[in-house]
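Now for the letters of each chain:
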Amino acid sequence: MVRSHHKRKREFVPIGMKLEDVFHILETTGNLKPLQPKFPSNLAQKIGEYCKYHQVTGHSIEQCGALKNAVQDLIDQGIVDPTKLDD
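Asker: Describe the packing of aromatic side chains, listing the residues and the values that go with them.
Answerer: Tallied over the full model, the rule gives one aromatic pair. Between Phe23 and Tyr53, the ring centres sit 5.8 Å apart and the planes meet at 75°, which makes this aromatic pair edge-to-face. Taken as a pair, Phe23 in helix H1 (residues 19-28) and Tyr53 in the loop between strand S1 (50-51) and strand S2 (56-57) lie far apart in primary sequence, 30 residues in all.

Asker: Describe H1, with residues and values.
Answerer: Of all the positions in H1, only Leu19, Val22, Phe23 and Leu26 are classed as buried. Down the axis, H1 shows its buried residues gathered within 100° of arc, on one side only. Opposite the buried face of H1, at more than 90 degrees from it, the exposed residues are His24 and Thr28. Tucked into the core, H1 has its buried residues touching helix H2 (65-76). Downstream of H1 by one or two residues, Gly30 has phi in the positive range, about 80°.

Asker: A description of the confidence of the model for the chain should follow, citing residues and the corresponding values.
Answerer: For the chain, per-residue confidence averages 84 on the pLDDT scale, and 80% of positions sit at 70 or higher. Within the chain, the lowest mean pLDDT, 84, falls on S2, and the highest, 96, falls on H2.

Asker: Tell me about the packing of H1 against H2, and please be specific about residues and values.
Answerer: In the contact formed by H1 and H2, the axes pass within 11 Å of each other and the chain directions differ by 55°. Between H1 and H2, the angle falls in the class oblique. Between H1 and H2 the crossing geometry is left-handed. Here Leu19, Val22, Phe23 and Leu26 of H1 come into contact with H2, specifically with Leu67, Lys68, Val71 and Leu74. Tallied by class, residues from the contact of H1 with H2 come to seven nonpolar, no polar and one charged.

Asker: Could you give me a rundown of the nonpolar core, with the residues and numbers involved?
Answerer: Counting residues in each nonpolar core, the largest one holds 16 residues, and the members touching the most others are Phe23, Leu26, Leu32, Tyr53, Leu67, Val71 and Val80. Where this core is concerned, the elements lending two or more residues are H1 and H2. With five residues, H2 is the largest single contributor of residues to this core. Those residues in contact with Val80 that sit more than four places away from it in its chain are Leu26, Leu74, Ile75 and Leu85.

About the cut-offs
- Residues numbered from 1 in each chain as written.
- Predicted model: local features only at pLDDT ≥ 70, side-chain atom pairs only at ≥ 80, totals over all residues.
- Heavy atoms only, no water.
- Phe/Tyr/Trp six-rings, centres within 6.5 Å; stacked < 30°, edge-to-face > 60°.
- Helix = DSSP H or I, 4+ residues; strand = E, 2+ residues; numbered from the N terminus.
- Buried < 20%, exposed > 50% of the residue type's maximum accessible area, 1.4 Å probe, protein only.
- Arc of directions from axis to C-beta.
- Contact = heavy atoms within 4.5 Å.
- pLDDT = per-residue confidence, 0-100.
- Axes fitted to C-alpha atoms, helices over the stretch in contact; angles between N-to-C directions.
- Parallel < 35°, antiparallel > 145°, perpendicular 65-115°, else oblique.
- Left-handed = near helix turned anticlockwise from the far one by under 90°.
- Nonpolar A, V, L, I, M, F, W, Y, C, P; charged D, E, K, R; others polar.
- Core = buried A, V, L, I, M, F, W, Y, C linked by side-chain atoms within 4.5 Å.

Below, the structure written as structure tokens:
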């Protein structure tokens, strides 16, 4: 039996706004909190790029895969309605 080693790529619901703005809304409403900062040993250090979700430099919040997944988890669980984020 041949098994595929390819993971199915997760599909993200289009939100229509910057991820930083989504994070701010979800943080304000108590639906999402920043992670505890850790030393970003596996991240390329990029001066000037800061992730408010991870609270470290190394990537911008707009490029944060963990935040994209956390937001999509909230959408999938029915906790967040992406059509009402900017209300």
